[in-house]
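Remarks on the overall topology
Given next are the chains, with one letter for each unit.
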Amino acid sequence: MRTALAAGVALLLLTPAARAEWVERVEDGIMGTRIAVEVWADTKEQGNAAIEAVLADMRRIDREMSTYKPDSEVSKVNAEAAKHPVKISRELFDLLTQALEYSRLTEGAFDVTYASVGYMYDFRKHVRPDETQIEKALPGINYRHVILDANAQTVKFAREGVRIDLGGIGKGHAVDSGIRILQQRGFSHGVVTAGGDSRIIGDRFGQPWVVGIRHPDRKEEVIARIPLEDAAISTSGDYERYFDEKGVRYHHIIDPKTGQSASKVRSATVIGPTATRTDGLSKTAFVLGAEKAIEIYNRLEGIDAIVVKPDGQVLYTKGLMAPQP
Ligand code: ADP
Ligand code: MG
């Protein structure tokens, strides 16, 4: 395998494709986050065209799935699905199917109906619902309220007051979609990142990519470095979108049982085969706690994780060895 790869590299160096190079782009704003795409391309033009296609696809996904855009497909579902089944795109149907799968895997910790209460938070403006508002809206949270009909390709909500938001899985999905575009164009080495979600194809010619996991409080400090090839990685942290009030941190991961911020860990990083999956699983530890989440991750095929507890202790799944002190 290595030899074949080395021979491949040597061949590239002898042919006109010797100009092959890493082409990269970083763009802020799509899906409210930072997007980065990097590919090993025969020519700069091919690399840039592929990156353009990935960015255009991310803008499309943002347009269709954002709850901030009143004319998005998801906004339409939220407006109508309590009244009657709503016909949706194949893409949204498949993503909701996966979302419900992650709800079952995480014993309800991941739940796209978190938004039934979650929509009342605005972390930028330091706005949060009070106890009465939460109590009133809480029965709307339950992934079992989301009824999918595969034959009709529709979604229906079982009751009034249910809202969905794909913010917990959408970036992972966009990353996987971007990787598919790169692969369709014949690229076999590259990275696509949207905020805390990344997926890597191939290696860096014999060397794995190395992804750093940051310290929850000290931005520049890395608590672990993970070598990766052909894998996805997602990190969720309570330092991403939050405000502090009277010593309490209100942040963007919501416990579906209480409608409050889920604060059982400071950060959780999940490694797995696709970014949709790792994104869908990285919220679990916040809701269920580090030990319970590690137990779930350990049961899942091809999943590894690193969880940082509030006291700074770092837990790893069995597939990862704790670094030597
Ligand atoms: P990012 O938005 O940067 O990718 P995360 O991957 O940690 O960050 O996802 C956080 C987002 O997940 C929130 O902004 C919200 O949209 C959504 N979310 C919050 N709580 C839940 C939950 N219990 N289940 C599913 N999604 C959630
Ligand atoms: Mg994410």
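The rules behind these values
Residues numbered from 1 in each chain as written. Chains lettered and ligands numbered in written order. Predicted model: local features only at pLDDT ≥ 70, side-chain atom pairs only at ≥ 80, totals over all residues. Heavy atoms only, no water. UniProt positions renumbered as here; feature names shortened; annotations may be inferred. Helix = DSSP H or I, 4+ residues; strand = E, 2+ residues; numbered from the N terminus. Buried < 20%, exposed > 50% of the residue type's maximum accessible area, 1.4 Å probe, protein only. Contact = heavy atoms within 4.5 Å. Areas by Shrake-Rupley, 256 points an atom, 1.4 Å probe, with all protein chains shown as cover. Lys, Arg positive; Asp, Glu negative; His and termini not counted. Charge placed at Lys NZ, Arg CZ, Asp CG, Glu CD. Core = buried A, V, L, I, M, F, W, Y, C linked by side-chain atoms within 4.5 Å. Salt bridge = Lys/Arg side-chain N within 4 Å of Asp/Glu carboxyl O. Pairing = 2+ DSSP bridges. Axes fitted to C-alpha atoms, helices over the stretch in contact; angles between N-to-C directions. 1 Å grid on protein atoms, 1.4 Å probe; cavity = no way out; pocket = protein on both sides within 12 Å on 5 of 7 lines; lining within 4 Å. Points joined across faces, edges and corners; volume = space filled by probe spheres on them. Donors = N, O, S within 2.8 Å, 3.2 Å for Na, K, Ca; no water. Phe/Tyr/Trp six-rings, centres within 6.5 Å; stacked < 30°, edge-to-face > 60°. Lys NZ or Arg CZ within 6 Å of the ring centre and 35° of its normal.

- Per an unreviewed UniProt entry, the chain goes by the name FAD:protein FMN transferase and belongs to Povalibacter uvarum.
- Comment text from UniProt for the chain, heading Sequence similarities (unreviewed entry), reads "Belongs to the ApbE family."
- Among the UniProt annotations of the chain, the heading Catalytic activity (unreviewed entry) holds the following wording: "L-threonyl-[protein] + FAD = FMN-L-threonyl-[protein] + AMP + H(+)".

**Notes on the overall build of the chain**
- Tallying secondary structure elements over the chain gives 10 helices and 15 strands in all.
- Across its three principal directions, the C-alpha atoms of the chain cover 70 × 50 × 35 Å.
- Across the 325 residues in the chain, those meeting the buried criterion constitute 50%.
- When contacts within the chain are restricted to residue pairs at least 6 apart in sequence, long-range pairs at least 24 apart make up 59% of them.
- With the model as given, the accessible surface of the chain reaches about 15,900 Å², and the carbon-plus-sulfur share is 52%.
- Positive and negative charge centroids in the chain, built from 43 and 45 side chains respectively, lie 2 Å apart.

**Observations concerning the nonpolar core**
- Counting residues in each nonpolar core, the largest one holds 47 residues, and the members touching the most others are Val77, Leu166 and Leu182.
- Listing elements by their share of this core, those giving two or more residues are strand S2 (34–41), helix H2 (44–65), helix H3 (73–80), helix H4 (90–105), strand S5 (154–157), helix H7 (170–184) and strand S6 (190–194).
- Not counting residues up to four positions away in its chain, the partners in contact with Leu166 are Met65, Val74, Leu92, Leu95, Leu96 and Val112.
- Listed in part, the 20 residues of the second largest apolar core include Ala109, Ala262, Ala268 and Leu281.

**Quick word on the pattern of salt bridges**
- Evaluated as defined, the whole model comprises 25 salt bridges.
- Asp28 is paired through a salt bridge with Arg34; the nearest N and O atoms lie 2.9 Å apart.
- As a salt-bridge pair, Glu107 and Arg299 come within 3.9 Å of each other at their nearest N and O atoms. One end of the pair, Glu107, is in the loop between H4 and helix H5 (115–118); the other, Arg299, is in helix H10 (residues 290–299), and 192 residues separate them in sequence.
- Judged by its relative accessible area of 43%, Glu107 falls in the partly exposed class.
- Connected through salt bridges with shared partners, the residues Asp217, Asp238, Asp244, Arg249 and Arg266 form a single ionic network.

**What about the sheet that holds strand S3 (residues 86–87)?**
- Read across the sheet, three strands follow the order S3-S5-S4 without closing on themselves; strand pairing throughout is antiparallel. Each edge of the open sheet carries a strand with a single partner, namely S3 and strand S4 (146–149).
- Two strands pair when backbone bridges link them, and S3 and S5 are joined in this way by two bridges, in the antiparallel orientation. Among the inter-strand pairings, Val86 is bridged to a residue of S5, identified as Val155.
- On top of the sheet, H4 reaches S4 and S5; it is set at about 130° to S4, its chief contact.

**Points about the layout of surface pockets**
- Considered as a void within the structure, the second largest pocket measures approximately 320 Å³ in volume.
- Along its surface, the second largest pocket is lined by 19 residues, and Tyr119, Glu160, Gly161, Val162 and Arg163 are the ones closest to its centre.
- Among the secondary structure elements, those contributing two or more residues to the lining of the second largest pocket are H3 and helix H6 (131–137).

**Digging into the UniProt feature "binding site: Mg(2+)" (unreviewed entry) in the chain**
- Within this structure's numbering, the places UniProt gives as "binding site: Mg(2+)" (unreviewed entry) are Gly168 and Asp279. Of the residues just listed, which span 112 residues, no C-alpha pair is farther apart than 6.6 Å, and they cluster in one region.
- The class of Gly168 is buried, set by a relative accessible area of 16%.
- What Gly168 contacts, discounting residues up to four positions off in sequence, is Phe110, Asp279, Gly280 and Lys283.
- Position of Asp279 among the secondary structure elements: in helix H8 (residues 275–281).
- Setting aside anything within four residues of it in sequence, one finds Asp279 in contact with Gly168, Ile169, Gly170, Lys171, Gly172, Asp197 and Ser234.

**Brief notes about the coordination of the magnesium ion (ligand 2)**
- Bound to the magnesium ion (ligand 2) are the protein donor atoms Asp197 (OD) and Asp279 (OD), situated 2.2 to 2.4 Å from the metal. Placement of Asp197 in strand S7 (residues 197–201) and of Asp279 in helix H8 is noted, with a sequence separation of 82 residues between them.

**So, the packing of aromatic side chains**
- Summed over all chains, the structure comprises six aromatic pairs.
- Summarising the aromatic geometry, the rings of Trp22 and Trp209 are spaced 5.3 Å apart at their centres and angled 80° between planes, so their arrangement reads as edge-to-face. A residue pair is termed long-range when its members are at least 10 positions apart, and Trp22 in strand S1 (residues 21–28) and Trp209 in strand S8 (residues 209–214) qualify at 187 residues.
- In this structure Trp209 comes out as buried when scored by relative accessible area, which is 8%.
- Through a chain of ring-to-ring contacts, the aromatic side chains of Tyr121, Phe123, Phe243 and Tyr250 assemble into a single cluster.
- Seen from the ring of Tyr239, Arg214 lies directly overhead, with NZ or CZ sitting 3.9 Å from the centre.
- Directly above the aromatic system of Tyr242 lies the positively charged group of Arg249, at a separation of 3.8 Å from the ring centroid.

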